[in-house]
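Results of the structural survey
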Amino acid sequence: MIDHILPFPYGGRHVIRDYFSNTVIVENDTEYKRNNLGFREERDISETNDGLVAIGCSYTEGEGVDHFNTWPKLLQNKIGSHVYNL
């Protein structure tokens with residue numbers, strides 16, 4: 001469930017720490033969904049979930065890229081195992 005919709009004010013750049021978890025941020029028609037820990041990931045992180053972890057910079061997060069075209073999601077589709085985008 002989406003709790004908040006927060007646009008980037010004044011076209012400025014923001015980091016994860018600026019927002020609450022489970023939000024949707026829209027910037028230049030690119031939607032950024034955040035999970036329970038504030039990462040760009042549709043799946044909440046819990047002890048019962050499994051999968052691989054992708055850790056990186058703006059390339060990993062996919063700044064300006066649709067969620068399903070980030071490289072962690074492309075890898076996920078290729079290998080058939082969930083890849084968390086952290």
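Throughout what follows, the structure given in this document is the object of discussion. Residue positions are counted from 1 within each chain, in the order its sequence is given. Note on the predicted model: pLDDT of at least 70 is required for a residue's local features to be given, and 80 or more for side-chain atom pairs to be given and counted; whole-chain, interface and lining totals, by contrast, use all residues. The basis for the side-chain values is all heavy atoms of the structure; hydrogens and waters are excluded.

**With respect to the overall build of the protein**
Under the convention used in this document: Helix and strand assignments follow DSSP, with helices taken as H or I runs no shorter than four residues and strands as E runs no shorter than two, numbered in order from the N terminus. Only the protein chains shown count as cover for residues, with accessible areas throughout obtained via the Shrake-Rupley method and a probe of 1.4 Å.
For the protein, the helix and strand inventory stands at two helices and five strands. What you see in the protein, going N to C, is helices and strands ordered as β-β-β-β-α-α-β. A total accessible area of about 5,900 Å² is found for the protein, and carbon and sulfur atoms account for 55% of it.

**A word on the pattern of salt bridges**
Put simply, the rule reads: We define a salt bridge as a contact between a side-chain nitrogen of Lys or Arg and a carboxyl oxygen of Asp or Glu at a distance within 4 Å. Burial classes follow relative accessibility: with a 1.4 Å probe on protein chains only, a residue under 20% of its type's maximum area counts as buried, one over 50% as exposed, and anything between as partly exposed.
By the definition in use, this model includes three salt bridges. A salt bridge links lysine 73 to glutamate 41; the nearest nitrogen and oxygen atoms lie 3.1 Å apart. Within this pair, whereas lysine 73 is found in helix H2 (residues 71-79), its partner glutamate 41 is found in the loop between strand S3 (30-33) and strand S4 (52-54), the two being separated by 32 residues in sequence. On the basis of relative accessibility, which here comes to 2%, the residue lysine 73 falls in the buried class. Here glutamate 42 and lysine 73 are joined by a salt bridge, their closest N and O atoms 3.7 Å apart. Of this pair, glutamate 42 sits in the loop between S3 and S4 while lysine 73 sits in helix H2, placing them 31 residues apart in sequence.

**A short note on the environment of asparagine 28**
Tracing the backbone through its elements, the reader meets asparagine 28 in the loop between strand S2 (23-27) and S3. Classification of asparagine 28 as exposed rests on a relative accessible area of 69%. Taking the C-alpha atoms as reference points, asparagine 28 and glycine 64, 36 residues apart in sequence, are found 7.9 Å from one another.

**Section: the side chain of histidine 67**
Heads up, the rule is: Any two residues whose heavy atoms approach within 4.5 Å at even a single point are treated as in contact.
Structurally, the position occupied by histidine 67 is in the loop between helix H1 (58-61) and H2. Those residues in contact with histidine 67, other than ones at most four positions away along the chain, are Arg40, Glu41, Glu42 and Lys73.

**Quick look at H2**
For the record, the criterion: This arc describes the spread of directions from the helix axis toward the C-beta atoms.
Every buried residue of H2 is listed here: Pro72, Lys73 and Gln76. Across the axial projection of H2, the buried residues extend over an arc of 95°, all falling on one side. Residues of H2 that are exposed and point more than 90 degrees away from the buried face comprise Asn77 and Lys78. On the buried face of H2, the contacting elements are S4, H1 and strand S5 (83-85). Count one or two residues on from H2 and you reach glycine 80, which has phi positive near 75°.

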